[in-house]
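Residues per chain are reported as follows:
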Amino acid sequence: MSRYVIIGAGAIGAPVAAQLRSTGVGVVLVARGAHRTAIATDGLRYVRPEGERRIKLPVAGSAAEVDLTVGDVLVLATKTQDTEAVLAEWSWRPVTGGTTAAESLPLISLQNGLDNERVALRRFARTSGAAVQMPSSYLRPGEVVAPGDPVVGAFYLGGYPGGLDPDAEVWATDLRRSGFAVRLVDDLPRWKAGKLINNVVNPVDALYAGHERFDDLAEALQAEARRVVEKAGFDPADLSADPDMRVGLSADLMDRYGGSSTRQSLGKGAGATEADFLNGEIVLLGRLHGVPTPLNAAMQAAVARAARDGVPPGGGDPALPDALLGTTEGTGR
């Protein structure tokens, strides 16, 4: 049986660890700081629609604290801005038998954006990833709220740049038994591109939740993103097309759910968000392929300023949506 070493104990990694642990699958959760201390001392406070419970998990603070063995699976669940540092820490760690992690272990990225798997492939020959749909939040040390119902989350799981890892069906079975919906895909970049189009709305959720122009701005950002990814050669998949993969939200937990990952980062005063790898990815592709991206560039900059200046969720300049939407007039949107 595989042991999953889940690197990153936030809104994605912690629920995956908790759910796998609840079905007897071996896990190690890698966390840092006060979050690690709280989990190690009292267990993970795990909030689900069916109730709240404390889950005891093996927890480590760094790669140096984990003795890797053949059969381990590394699961990368950090924010994208942390990927390179995490890969540098873990790739060349020894594995029993005389090899290293990058040489002999598979790596699965459960992260947003298009860049994580490409960066991992520089070191890990067995690189897989997933387009993830999981409404969950990590706002306080030792606590994660996962209001997904009836499944905790959904994964479109595949190898990178294509195909399937030989153990993909084993991983999918473990995840399904643990309360997740899983679809194996042999064209992962399509699904990651589709998720990226969804994610460019994150800054609107972070800065303008409840704003009267929320829907207009979200629609315009996604339309701009779709033009870019299609010009870049992607055929973005529709992650909402399969009813068996949809993740509902428990109304009873909405007051404790922290919203998008970008809103959560602002709420914690993290000082950095994923926007450079979400809206910024659209900006990069637009510049490479000659497609203007004024909306995504503006939202990327707005979130960066908010993170720098400590602006709380919902604290965006109320005039900005109208100003941005004015730039789309006459473009045929």
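Please refer to the structure higher up on the page.
Right, let's walk through the structure included here. Bear in mind that the values here come from a model prediction, so they are computed numbers and not experimental data. (Residues numbered from 1 in each chain as written. Predicted model: local features only at pLDDT ≥ 70, side-chain atom pairs only at ≥ 80, totals over all residues. Heavy atoms only, no water.)

### Focus on the sheet that holds strand β14 (residues 153–159)
Here eight strands make up an open sheet; going across it, the order is β5-β2-β1-β6-β9-β10-β14-β15 and the pairing mixed. Looking at strand neighbours, the two that pair on one side only are β5 (59–60) and β15 (180–184), the edges of this open sheet. Both strand β1 (residues 3–7) and strand β6 (residues 72–76) contribute to a ladder of five bridges, which runs parallel. Looking at β6, one finds that Ile6 is bridged to Val75. Taken strand by strand, helix α3 (residues 83–90) contacts β1, β2 (26–30), β6 and β9 (107–109), and its axis lies near 160 degrees from that of β6. Where helix α6 (residues 168–177) meets the sheet, it contacts β1, β6, β9, β10 (127–133), β14 and β15, and its direction lies at approximately 160 degrees from that of β15. (Pairing = 2+ DSSP bridges. Helix = DSSP H or I, 4+ residues; strand = E, 2+ residues; numbered from the N terminus. Contact = heavy atoms within 4.5 Å. Axes fitted to C-alpha atoms, helices over the stretch in contact; angles between N-to-C directions.)

### Focus on the side chain of Ser109
Along the polypeptide, Ser109 turns up in strand β9. Non-local contacts of Ser109, meaning those with residues more than four positions away in its chain, are made with Leu76, Asn116, Glu117, Ser128, Gly129 and Ala130.

### Side note on the pairing of strand β11 (residues 137–140)
Regular strands show a simple pattern: their side chains alternate between the two faces of the sheet. In this structure, β11 lies alongside strand β12 (residues 143–145), joined through two bridges in antiparallel fashion. Counterpart to Ser137 in the pairing with β12 is Val145.

### Comments concerning the sheet that holds strand β3 (residues 44–48)
Here four strands make up an open sheet; going across it, the order is β4-β3-β12-β11 and the pairing mixed. In the strand order of this sheet, the two ends are held by β4 (51–55) and β11, each with one partner. Going from strand to strand, the sheet's axes swing by 25 degrees on average, the running direction of each strand aside. The sheet strands contacting helix α1 (residues 13–22) are β3, β4 and β12, and the helix crosses β3 at an angle near 90 degrees.

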